[in-house]
Every structure is written in C-alpha cells, then in structure tokens.
Amino acid sequence: MGEHPDDEELGTFLAGGLPGAARNAVLLHLSRNCPQCRRRLARLAGRALGMEPAAVSPPVSDYDSALDRAFAVARRQGQNLAGRRDGRALAEELIAKSRELRYRDPAGMVRLAEMARLVVSQVRPDRPDSLEAAPVADLEARVYAELANAYRVAQDLEAAESAMAEAEACLPEGTGDLLLKAYLLELQASLHRDQKRFAEASSLLRRAHGLYIEMGERHLAGRTLVSRGLFVGSAGDMEGALRFLAVGAAEIDPARDPKLACMAEQNVAWVLTLGGRFVDARERLAESDLRHVLDDEPLLVVRRQWLEGRIALGLGDRQCAESAFRAAHGAFLEVGQTYEAALVAQDLAAARTGSAPSCLRAC
C-alpha cells in the first residue's frame, strides 16, 4: 500500500479478502480519518451494498458509518474481517492509539476506540468453551472500558456509562486478571468523578489501590492516589487532596511514565490554586519540568495555560490572566471541550470584572 490504499485495495478490504498485514494497514490508515479515503470508502461501500453509483461520492456525516458498512459487507459475504489472533492484535493496537490521543484529539480518541469495538466483535470464538474465550473476554472488557473513557473525555457521559456497563459484564467471563480489574476500577472512578459522584469515585480508587499493592505495583498504586487527590480536591477538601497527591507523587516512577509524574506536579499546583495558595502554586509550577515534558500534548498545554491564568488572577495580574483565559477558552472550543470552555469563560469574566474566580474542578 502506498500513502493511500487504491480503489482495488479498498474494494478487496470491503469484501474481506485482504490478508492480515494488508488488511490491518488499510484499517489503520482509515482510522486517521483521511478525507480522500473517507469519500472513496463511502462510495465503494455503497456499491458493494447494491446502492446506485453516483457521479459524486455520497456525503458521509459520520466517518464510523462508512466503517460500519465495510464490516457489514464483510459479514454478509461470510468473511471474518478481523481474523482471530490477527484481529486481537489489531484491537490492542487501536485502543493503544486511542489512549495516545487523550490529550490531543478527543474525537479521534472516540473514533479509534469505536473501531476497536468493531474489530473485537469479530474475534469472539465460535464456542463459549473455547480456550480463547476467556482471553477474548478480557480484551472485550479492555476495549469497552477504553471506549467508555473516550466517551467521558469527549463529554458524552451517558454513552460512557453504557460502555462501562458492557466492560463490567465481560469481566466474569475473563481470566480473572487483577491488573485489568484494577484498571477498570480506575476508569470507572474517573467517570464517577465527572458525574460528581465523588464518594463513589474515591471508594473505587481505594479498591484499585489495594489490588495494585497486592500485586506489588507501587507505581500504579501511586497513580490511584494522585487521582484520589484530585477527586478529594474537587469535593472541597484541599488539605486532604494535597496529602494524597504528595504520597501518590512519591510512589510514581518518573522513568516509567514521565508525563504522569509531571501531571502529578501540575495537579498539586492546581489544588493549591483551588485553595487560594497562589504563590505556592506559582512556585510549584516554576520548579516543575512541565513545559519540556508536556508540550507534545496540546490539551495539557491548554490546561497549563488555564492554570497559569488562575494563578495570575489570584495574584492580581488581571491582564495576564485574561490573555491566558482567552487562549484556553478558544483552544477548548476548538476540540469540542465545551464544559471546560464554559468554566474558563467564568474565569475570563472574573478577570474582566475583577471578581473572585469560580471554584473549578481539578485538571
């Protein structure tokens, strides 16, 4: 395949006839939402389904609808588009790429997770007593959990809750992997946090922390404490939040996940800001390596701008604060983060009027 698959490759893909490596290459290319291939896929899928050909490619309002048609054609012709082991590897790759878009492209994060869901639906073994049944159930649980998290990031909490319920339903059929169970608890806690169910979120994180400690995963246990600090801070307990953040940050291994370590520092500064300790927050940011480590994650850069604006506002520099808030507000709107944009708008209004900033949730 060249830079783009040609019509012959796309047609064979739709018919389920491409071999594993070529099939995966086409599907991963399509996952990038290429406008040219998007139009061609819609046209070819329409032809394959018996629709009248059109001189101009039919409009596609939702890219996933074209992929749905591709899978439908393959299933109708009795082909297993994803394969078995091949498809499992592809689903794993898609959810890994989805996670990478967490702080760059929330809509793309959802798109890739939904594609992984389509792929995993094709790799279920024919017999429930198959040796592959339990590992595939684990994979389905991971895929649905990542899809739930993607929906949450994209602020579709209803869809997130539905996908998380699917993930939980897969667990009893799986291998009993404790790491997977703990990870699902973390993602479910994040969903509860966004639903303002702080007590339930903290309870889930306690359980996840216990599982990680049981398995000797102190780094991951530290991650849950950092998250718990955010939830406690969002609920109004600033001193408790700082305690959790301090202990959690100490457990995180910067060599294993430098971004997580830096985010923990940023979150400490954010909680300090929530508590009105603006000088301490400024010093914490100045001592951290946030700009160097997080600059390749646009949404984290925007959140840092937002934080710097709140610190400036708290210290009385309304002009600097207003500039930071305007930049953050526009950036959040550009990627569809309307809730965050609305919160920044409140701070922007405070900067313009000189009133006290609103109480915001943590980063």
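Residues numbered from 1 in each chain as written. Predicted model: local features only at pLDDT ≥ 70, side-chain atom pairs only at ≥ 80, totals over all residues. Heavy atoms only, no water.

Colleague: Go over the overall build of the protein with me, naming the residues and quoting the values.
Modeller: Within the protein, the secondary structure is distributed over 18 helices and 0 strands. Nonlocal contacts in the protein, meaning residues at least 24 apart in sequence, comprise 67% of its contacts between residues at least 6 apart. (Helix = DSSP H or I, 4+ residues; strand = E, 2+ residues; numbered from the N terminus. Contact = heavy atoms within 4.5 Å.)

Colleague: Outline the nonpolar core, listing residues and values.
Modeller: The biggest cluster of nonpolar side chains holds 48 residues, and the ones touching the most others in it are Leu94 and Tyr212. Mapped by element, the contributors of at least two residues to this core are α5 (85-100), α6 (106-120), α7 (133-153), α8 (157-170), α9 (178-194), α10 (198-214) and α11 (218-234). The biggest single contributor to this core is α7, with 11 residues. Here Tyr212 is in contact with Leu179, Ala182, Tyr183, Glu186, Glu217, Leu220, Ala221, Arg223 and Thr224, once residues within four sequence places are set aside. Formed by 39 residues, the second largest nonpolar core is a distinct cluster that contains Leu274, Leu299, Trp306 and Leu343. (Core = buried A, V, L, I, M, F, W, Y, C linked by side-chain atoms within 4.5 Å. Buried < 20%, exposed > 50% of the residue type's maximum accessible area, 1.4 Å probe, protein only.)

Colleague: Tell me about the side chain of Gln337, and name the residues and values.
Modeller: By the secondary structure assignment, Gln337 is in the loop between α17 (318-334) and α18 (338-353). Polar contacts involving the side chain of Gln337 include one to the main-chain carbonyl oxygen of Val153, which spans 3.0 Å. Apart from residues no more than four positions distant in its own chain, Gln337 is found in contact with Pro106, Val153, Ala154, Gln155, Leu299, Arg303 and Phe332. (Polar contact = N/O pair within 3.5 Å; in protein donor to acceptor, adjacent residues only side chain to side chain.)

Colleague: Provide a residue-level description of the layout of surface pockets, including the pertinent values.
Modeller: The computed volume of the largest pocket comes to approximately 1300 Å³. Lining the largest pocket are 45 residues; nearest its centre among them are Arg102, Tyr103, Asn149, Arg223 and Met263. Listed by contribution, the elements that provide at least two residues to the lining of the largest pocket are α5, α7, α9, α10, α11, α13 (258-274), α16 (298-314) and α18. Looking at the lining of the largest pocket, its residues break down into 19 nonpolar, 8 polar and 18 charged. (1 Å grid on protein atoms, 1.4 Å probe; cavity = no way out; pocket = protein on both sides within 12 Å on 5 of 7 lines; lining within 4 Å. Points joined across faces, edges and corners; volume = space filled by probe spheres on them. Nonpolar A, V, L, I, M, F, W, Y, C, P; charged D, E, K, R; others polar.)

Colleague: Tell me about the pattern of salt bridges, and please be specific about residues and values.
Modeller: When charged atoms on two side chains of opposite charge get close, those side chains can pair. Scanning all chains against the criterion turns up 19 salt bridges. A salt bridge links Glu217 to Arg256, with the shortest nitrogen-to-oxygen separation between them at 3.1 Å. Linking Glu217 in the loop between α10 and α11 with Arg256 in the loop between α12 (238-251) and α13, this pair joins segments that are 39 residues apart in sequence. Given the relative accessible area of 19%, Glu217 is considered buried. (Salt bridge = Lys/Arg side-chain N within 4 Å of Asp/Glu carboxyl O.)

Colleague: An account of the packing of aromatic side chains is requested, with residue identities and associated values reported.
Modeller: Centre distance and the angle of the planes are the two values used to describe a pair of aromatic rings. Here the structure, examined in full by the defined rule, presents 2 aromatic pairs. Members of the aromatic cluster, connected to one another through ring pairs, are Trp270, Trp306 and Phe332. If you follow Arg310 out to its NZ or CZ, it ends over the ring of Trp270, 5.8 Å from the centre. (Phe/Tyr/Trp six-rings, centres within 6.5 Å; stacked < 30°, edge-to-face > 60°. Lys NZ or Arg CZ within 6 Å of the ring centre and 35° of its normal.)

Colleague: Describe in detail α17, supporting the description with residues and values.
Modeller: Given 3.6 residues per helical turn, the α-helix brings residues three or four places apart onto the same face. Across its 17 residues, α17 extends 24 Å between first and last C-alpha, which sits within 8% of the 24 Å expected from 1.5 Å per residue. Residues of α17 that are buried: Ala321, Ala324, Phe325, Ala328, Ala331 and Phe332. Mapping the buried residues of α17 onto a view down its axis gives an arc of 135°, with all of them on the same face. What points out from α17, more than 90 degrees from its buried face, is the exposed set Gln319 and Glu334. Residues of α17 that are buried sit in contact with α16 and α18. (Expected span 1.5 Å × (residues − 1). Arc of directions from axis to C-beta.)

Colleague: Give me unusual backbone geometry: which residues, what numbers.
Modeller: Excluding glycine, most residues fall at negative phi; most peptide bonds, likewise, are trans. A positive phi is found at Gln155, a non-glycine position, where the angle reads about 70°. For Gln155, a relative accessible area of 25% gives the class partly exposed. Positive phi, close to 65°, is recorded for Lys196, a residue that is not glycine. Following the sequence through the fold, Lys196 ends up in the loop between α9 and α10. The partly exposed category is assigned to Lys196, whose relative accessible area is 44%.

Colleague: How would you sum up the packing of α17 against α18? Please name residues and give values.
Modeller: Closest axis-to-axis distance for the α17/α18 pair is 9 Å, and the angle between their directions is 160°. Judged on the interaxial angle alone, α18 and α17 are roughly antiparallel. Considering the relative orientation of α17 and α18, their crossing is left-handed. Along its contact with α17, which presents Arg318, Ala321, Glu322, Phe325, Arg326, Ala328, His329, Phe332 and Leu333, the element α18 presents Glu340, Ala341, Val344, Ala345, Asp347, Leu348, Ala351, Arg352 and Thr353. Split by residue class, the contact of α17 with α18 holds 10 nonpolar, 2 polar and 6 charged. (Axes fitted to C-alpha atoms, helices over the stretch in contact; angles between N-to-C directions. Parallel < 35°, antiparallel > 145°, perpendicular 65-115°, else oblique. Left-handed = near helix turned anticlockwise from the far one by under 90°.)

Colleague: Can you break down a nonpolar patch on the surface residue by residue, with the values?
Modeller: Together, Leu178, Leu179 and Met215 line one region of the surface with nonpolar side chains, adding up to about 200 Å² of accessible area. Summarising the element assignment, Met215 is placed in the loop between α10 and α11. Owing to a relative accessible area of 30%, Met215 belongs among the partly exposed residues under this scheme. (Patch = residues over 30% accessible without salt bridge, like charges linked within 9 Å, V, L, I, M, F, W, Y side chains within 5 Å. Areas by Shrake-Rupley, 256 points an atom, 1.4 Å probe, with all protein chains shown as cover.)

Colleague: Explain the packing of α11 against α13 to me, and be specific about the residues and the numbers.
Modeller: Packing of α11 against α13 brings their axes to within 10 Å, and their N-to-C directions diverge by 20°. Considering their axes alone, α11 and α13 lie roughly parallel with respect to each other. The two elements α11 and α13 meet at a crossing, and its hand is left-handed. Of α13, the residues touching α11 (which contributes His219, Arg223, Val226, Leu230 and Gly233) are Leu260, Ala264, Asn267 and Leu274. Residue composition of the contact of α11 with α13, by class: 5 nonpolar, 3 polar and 1 charged.

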